[in-house]
Amino acid sequence: VQLVESGGGLVPAGGSLRLSCAASGRTFSSNNMGWFRQAPGQEREFVAAISSGGLLKKYADSVTGRFTISRANAKNTMYLQMNSLKPEDTAVYYCARQKGGSGGLLLRRYDYEYWGQGTQVTVSS
């Protein structure tokens, strides 16, 4: 399984970006997926997760109401729409596949496998 993120960049505060995560393999639709981010000198933190069928979603408190996670299983792709960006959203954003397929959405990084290489998001003040 390979995951490739794209869509990062430099935006002013208040702007928007849409991240994509393209997955290889035939099991994408069978697995819950998640987005994490890591700022310099900080731990990798949970951002959002989505169930295999796309019906269940969870968000970190810091992004609730501003970010939206979605997926297109026919395209083996997951998305993260980020609106009203803040300087504190600056980080490398990673997508990952949750261990164990479907089931409940999990928030710890240790519950995820098959990470992408990350895409940099920088929000200027």
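Residues numbered from 1 in each chain as written. Predicted model: local features only at pLDDT ≥ 70, side-chain atom pairs only at ≥ 80, totals over all residues. Heavy atoms only, no water.

A. Main features of the overall build of the protein. In terms of regular secondary structure, the protein is built from 0 helices and 11 strands. What you see in the protein, going N to C, is helices and strands ordered as β-β-β-β-β-β-β-β-β-β-β. In terms of overall size, the protein behaves like a compact globule, its C-alpha atoms giving a radius of gyration of 13 Å where 125 residues would be expected to give roughly 14 Å. In terms of overall dimensions, the protein has C-alpha extents of about 40 × 25 × 25 Å along its principal axes. Relative to all contacts within the protein whose residues are 6 or more apart in sequence, the contacts with residues 24 or more apart total 58%. For the protein, the exposed surface amounts to about 6,200 Å²; the carbon and sulfur share of it is 50%. The averaged location of the 8 negative side-chain charges in the protein is 8 Å from the averaged location of its 14 positive side-chain charges. (Helix = DSSP H or I, 4+ residues; strand = E, 2+ residues; numbered from the N terminus. Rg over C-alpha atoms; globule rule 2.2 N^0.38 Å. Contact = heavy atoms within 4.5 Å. Areas by Shrake-Rupley, 256 points an atom, 1.4 Å probe, with all protein chains shown as cover. Lys, Arg positive; Asp, Glu negative; His and termini not counted. Charge placed at Lys NZ, Arg CZ, Asp CG, Glu CD.)

B. Seen up close, the environment of R109. Along the chain, R109 turns up in the loop between β9 (91-98) and β10 (112-115). Note on R109: relative accessible area 28%, which makes it partly exposed. It is 7.1 Å that separates the C-alpha atoms of R109 and F46, two residues lying 63 residues apart in sequence. Ignoring sequence-local partners within four residues, the contact set of R109 consists of F36, E43, R44 and W115. (Buried < 20%, exposed > 50% of the residue type's maximum accessible area, 1.4 Å probe, protein only.)

C. Representation of the environment of K75. By secondary structure assignment, the location of K75 is in the loop between β7 (67-72) and β8 (77-82). The exposed category is assigned to K75, whose relative accessible area is 61%. Separated by 31 residues in sequence, K75 and L106 have C-alpha atoms that sit 23 Å apart.

D. Seen up close, unusual backbone geometry. Look at N76: it is not a glycine, yet its phi comes out positive at around 50°. For N76, a relative accessible area of 18% corresponds to the buried category. One non-glycine residue, Y114, lies in the positive phi region at around 55°. Mapped onto the elements of the fold, Y114 is located in strand β10.

E. Up close: the sheet that holds β8. Reading across the sheet, the 4 strands line up as β1-β3-β8-β7 and stay open at both edges, with antiparallel pairing between neighbours. Two strands bound the open sheet, and with one partner strand each, they are β1 (3-6) and β7. When the angles between neighbouring strand axes are averaged without regard to direction, this sheet yields 15°. Both β7 and β8 contribute to a ladder of 6 bridges, which runs antiparallel. In the strand pairing of β8, R71 is matched with M78. (Pairing = 2+ DSSP bridges. Axes fitted to C-alpha atoms, helices over the stretch in contact; angles between N-to-C directions.)

F. Examining the nonpolar core more closely. Within the largest apolar cluster, 32 residues are counted, with the highest numbers of intra-cluster contacts made by W35, V47, F67, M78, L80, M82 and Y93. Contributing elements (two or more residues each) for this core: β3 (17-23), β4 (33-38), β5 (45-50), β7, β8, β9 and β11 (119-124). At 5 residues, the largest contribution of residues to this core is made by β5. Excluding residues within four positions of it along the chain, Y93 makes contact with E5, L19, F36, R37, V47, F67, L80, M82, G118, T119 and V121. (Core = buried A, V, L, I, M, F, W, Y, C linked by side-chain atoms within 4.5 Å.)

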